[in-house]
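# Tertiary structure, described
Here's the letter readout for the chains.
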Amino acid sequence: MDKLEYELVTLYNGKQYFVLESLMYEYDIYDLILNVEEENDTKIVIQEIKNGKTVLSEVTDKYLLKTLGTMFKEKIESKQNNIN
């Protein structure tokens, strides 16, 4: 799979997002993405391979979102602590 962290991606809705962080959870890769035009529009997506291309699909499962949200928060806080 392609490493998309810090890349600009365009979703099917035509909006562009910046990939803030990536992490692996239960053998799948998830990305935390931020809309480049609307800073309050963030999503957690899963990377999938379809027809040989990497496709991002929004995660909608509430339990999974809570779990991944906590993991992304810890990863970002850890990076911030390493900077300071």
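The text that follows walks through the structure, step by step, so that each part is easy to find. The structure presented is a predicted model; accordingly, all values stated were derived computationally and were not measured.

Time to look at the nonpolar core. Among the nonpolar cores identified, the biggest contains ten residues, and these are Leu-23, Tyr-25, Tyr-30, Leu-32, Ile-44, Ile-46, Val-59, Leu-64, Leu-68 and Phe-72. Looking at this core, the elements with two or more residues in it are strand E2 (16–25), strand E3 (28–35), strand E4 (42–50) and helix H1 (62–83). In terms of residue count, H1 provides more of this core than any other element does, three residues in total. Excluding residues within four positions of it along the chain, Leu-68 makes contact with Leu-23, Tyr-25, Tyr-30 and Ile-44. Membership of the second largest hydrophobic core comes to seven residues, among which are Val-9, Tyr-17, Val-19 and Ile-33.

Walk down a regular strand and you will see the side chains alternate between the two sheet faces. Of the pairings in the sheet, the one linking E3 to E4 comprises five bridges and is antiparallel in character. When the bridges of E4 are listed, Leu-32 appears paired with Ile-44. Alignment of E4 against strand E5 (residues 53–58), held across six bridges, turns out to be antiparallel. By the bridge assignment for E5, Val-45 is matched with Glu-58. Where E4 folds back on E5, the antiparallel hairpin that results is connected by two residues, among which Asn-51 adopts a positive phi of roughly 55 degrees.

Another aspect to go through is the pairing of E2. Alignment of strand E1 (residues 8–10) against E2, held across three bridges, turns out to be antiparallel. Bridge pairing in E2 places Leu-8 opposite Phe-18. Where E1 folds back onto E2 in an antiparallel hairpin, the turn is made up of five residues, including Gly-14, whose phi is positive at roughly 90 degrees. Two strands pair when backbone bridges link them, and E2 and E3 are joined in this way by eight bridges, in the antiparallel orientation. Its bridge partner being in E3, Ser-22 is matched across the sheet by Asp-31. In this structure, the hairpin formed by E2 and E3 is closed by a connection of two residues, where Glu-26 is found at a positive phi of approximately 50 degrees.

Conventions adopted
Residues numbered from 1 in each chain as written. Predicted model: local features only at pLDDT ≥ 70, side-chain atom pairs only at ≥ 80, totals over all residues. Heavy atoms only, no water. Core = buried A, V, L, I, M, F, W, Y, C linked by side-chain atoms within 4.5 Å. Buried < 20%, exposed > 50% of the residue type's maximum accessible area, 1.4 Å probe, protein only. Helix = DSSP H or I, 4+ residues; strand = E, 2+ residues; numbered from the N terminus. Contact = heavy atoms within 4.5 Å. Pairing = 2+ DSSP bridges.

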